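Descriptive structure summary
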Amino acid sequence: LFDTILTSVFPGAERHAIPAAMLRAKIAEICAERHLQCEPSWVEKMLQLYEVQKLRHGVMMVGPSGVGKSAAWSVLLDAMGRCDNIKSDTYIVDAKAAGKEALYGILDNTTMEWKDGIFTRQLRAVINSERGESERRHWIIFDGDVDPEWAENLNSMLDDNKLLTLPTGDRLAIPDNVRIMFQVDTLKYATKATVSRCGMVWFSTDALPVHCIFAHQLDILRHHQLGGGDGEIDGASASAGGQFVACIASAFEQNGFVQSMLEWSLAEGDHVMETTRMRLIRCLFSLLKRGVDKVDQFNEEQLDFKMSNAQLARYAP
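Before going into details, it helps to say that this report is about the structure given with it. What you are looking at is a predicted structure, and each value in this text was computed from that prediction instead of being measured. (Residues numbered from 1 in each chain as written. Predicted model: local features only at pLDDT ≥ 70, side-chain atom pairs only at ≥ 80, totals over all residues. Heavy atoms only, no water.)

The next subject is the overall build of the protein. Looking only at helices and strands, the protein has 15 helices and nine strands in total. Residues counted as buried form 41% of the 317 residues belonging to the protein. Within the protein, residue pairs in contact and separated by at least 24 positions form 71% of the contacts whose partners lie at least 6 positions apart. Accessible surface, the protein: about 17500 Å² in total, of which carbon and sulfur atoms supply 52%. (Helix = DSSP H or I, 4+ residues; strand = E, 2+ residues; numbered from the N terminus. Buried < 20%, exposed > 50% of the residue type's maximum accessible area, 1.4 Å probe, protein only. Contact = heavy atoms within 4.5 Å. Areas by Shrake-Rupley, 256 points an atom, 1.4 Å probe, with all protein chains shown as cover.)

Structural data, given as structure tokens:
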């Protein structure tokens, strides 16, 4: 019935909706592959993001660092691709680091030649579709504060007419397969004109409880390999990593010792610089990974005197 009404009111329009149950199943599947915790409140944020991006081509994901914004859109995009078999491309841009001219382009006053910037070059490539870009999803993600110095130029593009006007007079129409995403921790720098043109998804600290972050980081540590780099996961469990995690896992339980110390540090701790929950957790697990590397290195060098489970257990709280 809905499809009949849609085609009668909007001739030529097609409905491309993914069933919620299928999307949830694919999200759970990807979370298992990436050793992520499929927390219901966090999954709901992904579903909200899916619904909002269907309605608006400009979307803001707002929330403090470490609440799962980056992982949410990454998992959602892959889950959508597995549901409808449409491949996706993402482009992450730090607009404040690039600068306005590097982002949009610059006009040479001498030769009057226009040179596209990072954003306009990619947008033009999608529009021209020389390599089949029209058959793929494209999410352009601006990671950082929505500063009016560069964001105001996007207002006309975020409108319903979806047009970006360049100083040369060229108008770039945003295709339907492109989404402009903003990933920010606060909107205090953004103007009302920009905010009112975008869909909004708020990620609070409750969306991703701290025990889920602990479980994810412990799973990474459990599979951490010597020399594998930060956060690399291998198919087989590393001996030292698995043994070490077994020794310390009890301290990372919900409302356990580490969570209590984290809450105390954020509330009462005297820090040299501004800190966040995720920054403290990453520092802790960086030290733990270094410890696992030390054990692995010792076991490789001393084949006849490898550290036993009893020796590793001494580090358990």
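From this point on, the discussion continues.
Here we take up helix α13 (residues 257-268). Helix length check: α13, at 12 residues, gives a terminal C-alpha distance of 16 Å against a target of 16 Å (1.5 Å per residue), a fit within 8%. For α13, the complete set of buried residues consists of V258, Q259, L262 and S265. Taken end-on, α13 shows its buried residues confined to a sector of 125 degrees, consistent with a single buried face. Projecting away from the buried face of α13 at angles above 90 degrees are the exposed residues F257, A267 and E268. Looking at the buried residues of α13, the elements they touch are α11 (210-222) and α14 (277-301). (Expected span 1.5 Å × (residues − 1). Arc of directions from axis to C-beta.)

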